[in-house]
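Topology and contacts: notes
Take a look at the letters that make up each chain.
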Amino acid sequence: MCGIVAFTGTVDTIPVLLGGLRRLEYRGYDSAGVALQLPTEIKTIKRQGKVLQLHEAVDKAIAAGELGQMPTTGIGHTRWATHGIPNEANAHPHSDCTGEVAVVHNGIIENHAHLRAALSERGHRFFSQTDTEVIAHLIEEEYQATPGDLAQAVRTTVAQLSGSFALAICHAKHPGVLVVTRNDSPLVVGKAAYGVLAASDTPAIIEHTRRVYFLDDRDVAVLHQNGTIDFFDPAGTAYSPTAVTIEWDLEDAERGGYPDFMLKEIHEQPKVIKDTLAGRFDDKNHQILFEELALSAQEMSDVDRVIIVACGTSYHAGLIGKDLLEAWGRLPVEVAYASEFRYRNPLLTAQTLVIAISQSGETADTLEAVKLARRAGAHVLAITNVVGSRITMEANNVVFIKAHIEIAVAATKSFLAQVAQLTLLAAHIAQQRGEVDGRWVSELYEHMQELPAKIEELLTDTATAAIERCAAECAAAQTALFIGRGVGATTCYEGALKLKEISYLHAEAFAAGEIKHGPIALIDPEGLSDPRRQTPVIAVTCQSATYDKMLANIEEMQARGAKVIALATVGDERIAQLTPYVISIPKVRECLSPILASVPLQLFARFVALIRGANVDQPRNLAKSVTVE
Ligand code: F6R
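Residues numbered from 1 in each chain as written. Predicted model: local features only at pLDDT ≥ 70, side-chain atom pairs only at ≥ 80, totals over all residues. Heavy atoms only, no water.

**Section: the environment of lysine 563**
- Mapped onto the elements, lysine 563 comes out in strand β26 (residues 562-569).
- Sequence spacing of lysine 563 and isoleucine 108 is 455 residues, and the spatial spacing of their C-alpha atoms is 45 Å.
- Setting aside residues no more than four positions away along its own chain, lysine 563 makes contact with Glu473, Pro531, Gln534, Thr535, Pro536, Val537 and Tyr581. (Helix = DSSP H or I, 4+ residues; strand = E, 2+ residues; numbered from the N terminus. Contact = heavy atoms within 4.5 Å.)

This is the structure:
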């Protein structure tokens with residue numbers, strides 16, 4: 001949540017900051033601001049709203065001559081409000097009493113109330129309701145204690161903070177210098193040909209450099225206009241970190257001709273699955289390879305329990321992983337919301353394998369769950385999309401999904417990549433434990449190789465037109481229900497989440513066998529006589545052992561006035577007789593059906609959102625990375 005960007009160098013900082021903020025808007029977009037270092041002062045410009053509004057304000061200031069000569073040092077912020085409503089006063093950057101210090105912050109300062117009270121008693125005046133503002137005032141005090149040493153003032157300030165933070169700071173008395181630091185919030189530092197940058201995430205700086213550094217908790221980096229960076233550990237000892245080269249490029253962070261990132265990312269899914277499969281199969285020994293797992297066959301067979309921890313969409317991927325791991329590996333698997341897991345006293349031993357799934361690798365609850373599991377002696381495997389993310393530093397081992405950067409707030413391609421990766425992992429574990437043989441694994445892998453072409457079939461104009469028609473039938477509804485069985489039910493949980501988060505149409509998913517135990521009461525009986533009152537029910541009805549039961553559930557819903565939209569295997573005549581609203585899915589093994597059926601559900605959610613006039617890439621109240629609990 002919140003995006004920060006900082007630049008100092010030999011070129012105009014304004015386009016670097018505004019360009020970076022635009023690319024970070026997925027992290028928060030209720031207000032934005034910049035602080036620019038002018039020869040004798042720090043000039044701050046903030047606006048409620050999106051980066052576009054800030055851009056207009058900056059343009060006005062330039063036109064009015066308020067920014068003098070081209071500023072080459074500055075910091076910027078795009079906000080997702082936690083403390084204080086989204087208005088201009090609460091927008092970052094925040095300043096101290098003298099106006100010499102400017103701070104941008106991502107995270108939450110947990111002891112801010114106590115610090116604020118103490119600072120107020122010492123005479124500091126506050127201008128916002130934010131937790132961040134205490135940092136500016138603390139730096140003001142600490143700087144008085146060590147005049148001329150901004151890095152030291154930041155270090156002693158940070159020592160007083162508890163909570164999570166990534167900070168970028170500039171000071172009127174230090175032209176061409178920026179100080180950055182972090183704790184439990186992401187921060188990447190990069191070196192370009194014409195200066196140095198720092199940001200919450202790589203998209204903000206990828207246009208300028210792919211050579212980056214990641215700081216450890218409470219490390220401090222001092223960025224100089226001449227392109228040098230000094231790195232210090234929390235004790236103030238200088239060190240030289242190793243640079244990491246980012247593998248994806250600017251094109252990946254652009255819309256590339258698509259009207260929105262969500263559609264672009266949906267269309268990238270065939271490639272994502274291809275990339276996920278690449279290099280995973282040893283066709284000589286008929287084995288799925290997972291070298292990253294670093295557990296021997298013996299250690300693997302010692303594992304007596306698996307706990308999958310995750311949030312949101314990643315949790316849904318975990319539910320699918322559970323079904324496969326139990327069915328194939330014959331291992332008991334629990335899937336837990338990370339936010340719940342961390343506050344109970346879970347049963348963990350050295351024989352427990354904890355799989356933590358997080359696209360961003362930054363989700364606060366998932367990170368805490370990982371730390372808890374490690375402390376209890378469990379082996380933690382992280383499945384993430386982001387190199388250098390926090391989770392990669394906390395887990396024993398890391399498996400990267402191959403989704404590449406995902407910008408739309410709603411997870412799409414990362415979900416498919418997680419499910420594909422978990423499918424391979426479940427097969428690998430099952431094989432390691434001697435539950436399945438090489439032939440079984442080869443067959444599964446062959447079927448998985450057909451997935452990219454099958455996803456392409458779901459993305460053709462004809463296929464998407466059918467989905468759009470179904471979306472138009474539902475867009476005006478008050479609520480939509482999703483039903484399925486087995487992995488079909490899990491596919492529904494994800495489909496309902498996608499629909500509600502981007503279209504704001506209330507949606508709930510149920511295991512179809514459960515509808516008679518309560519949810520069927522939600523069907524509006526007026527739908528029997530008035531088609532406008534029909535409650536939409538999206539039924540995932542792919543071929544499985546429970547197919548006939550699903551048909552019976554569909555008829556029960558229809559008999560009470562529901563309008564059923566069925567996702568069914570291509571050529572399914574029985575479904576066609578039940579409802580005119582059918583979305584066809586290519587034939588596939590049941591275990592792989594979530595990978596296919598999720599694609600039309602993503603498109604369905606997007607179409608409903610567009611019809612209802614919502615912004616599909618930046619849904620209200622949400623942010624891409626949930627770095628606060
Ligand atoms: C929904 C969505 C969220 C995330 C959740 C966890 O489309 O994106 O539900 O899945 O916030 O995020 P990660 O996977 O980054 O831990």
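**Here's the deal with the nonpolar core**
- Core analysis: the biggest nonpolar cluster contains 132 residues, and Val34, Val306, Ile355, Leu425, Phe482, Leu499 and Phe604 have the highest contact counts within it.
- No other element matches helix α13 (residues 413-432), which puts 12 residues into this core.
- Discounting residues that sit within four places of it in the chain, leucine 425 has contacts with Phe290, Leu293, Ile355, Leu381 and Ile383.
- Core analysis: the next-biggest nonpolar cluster, separate from the first, contains 26 residues, Leu119, Leu167, Ile169 and Phe232 among them. (Core = buried A, V, L, I, M, F, W, Y, C linked by side-chain atoms within 4.5 Å. Buried < 20%, exposed > 50% of the residue type's maximum accessible area, 1.4 Å probe, protein only.)

**Description of the site of the ligand**
- Ser314, Ser358, Ser360, Thr363 and Glu501 are the nearest of the 14 residues found near the ligand.
- Note that an oxygen atom of the ligand is positioned 3.0 Å from one of the backbone N or O atoms of threonine 313.
- Within the backbone of alanine 411, an N or O atom sits 2.9 Å from an oxygen atom of the ligand.
- Its free accessible area being 410 Å², the ligand has 89% of it covered by the protein chains.
- Contributing elements (two or more residues each) for the shell around the ligand: α9 (312-329) and α17 (487-503). (Near = heavy atom within 4 Å. Polar contact = N/O pair within 3.5 Å; in protein donor to acceptor, adjacent residues only side chain to side chain. Areas by Shrake-Rupley, 256 points an atom, 1.4 Å probe, with all protein chains shown as cover.)

**Some thoughts on the environment of glycine 257**
- Structurally, glycine 257 is set in the loop between β15 (244-245) and α6 (261-267).
- Distance from glycine 257 to glycine 279, taken between C-alpha atoms, is 30 Å for residues 22 residues apart in sequence.

**Here we look at the sheet that holds strand β14 (residues 238-239)**
- Taken in spatial order, the 7 strands of this open sheet run β5-β6-β7-β8-β12-β13-β14, and their pairing is antiparallel. The two strands at the open ends of the sheet, each matched to only one other strand, are β5 (94-95) and β14.
- Sheet topology note: the strand β13 (residues 229-232)/β14 ladder contains 2 bridges and is antiparallel. Directly across from phenylalanine 232, in β14, lies its bridge partner alanine 238.
- Lying on the sheet, helix α5 (residues 150-158) is in contact with β7 (163-171), β8 (177-183), β12 (220-224) and β13; it crosses β8 at an angle near 20 degrees. (Pairing = 2+ DSSP bridges. Axes fitted to C-alpha atoms, helices over the stretch in contact; angles between N-to-C directions.)

**Concerning the domain arrangement of the protein**
- Each assigned domain of the protein is listed with its residue range as follows: domain 1 (3-253), domain 2 (265-449) and domain 3 (456-611).
- Tallying the contact residues gives 15 residues for domain 1 and 10 residues for domain 2.
- Where domain 1 abuts domain 2, roughly 1200 Å² becomes buried across the two surfaces, and 59% of that area is made up of carbon and sulfur atoms.
- Area buried by domain 1 at its contact with domain 2 is led by Tyr26, Asp184 and Phe214, which between them contribute 36% of it.
- Counting every contact that joins domain 1 to domain 2 gives 3 salt bridges.
- With a closest N to O distance of 3.2 Å, aspartate 217 and arginine 390 form a salt bridge.
- Viewed at the interface, domain 2 and domain 1 are joined by 3 residue pairs in polar contact (both at pLDDT 80 or more).
- Among the residues making up the side of domain 1 that touches domain 2, the classes are represented as 8 nonpolar, 1 polar and 6 charged. (Domains from an automatic or database assignment. Buried area = accessible area lost by both parts, 1.4 Å probe. Salt bridge = Lys/Arg side-chain N within 4 Å of Asp/Glu carboxyl O. Nonpolar A, V, L, I, M, F, W, Y, C, P; charged D, E, K, R; others polar.)

**A word on helix α1 (residues 13-24)**
- If you check α1, its first and last C-alpha atoms are 16 Å apart, about what 12 residues at 1.5 Å a residue would give, namely 16 Å.
- Burial in α1 covers these residues: Thr13, Ile14, Val16, Leu17, Leu18, Gly19, Gly20, Leu21, Arg23 and Leu24.
- Sitting at the amino-terminal end of α1 is aspartate 12, which places a side-chain oxygen 3.0 Å from the backbone nitrogen of isoleucine 14. (Expected span 1.5 Å × (residues − 1).)

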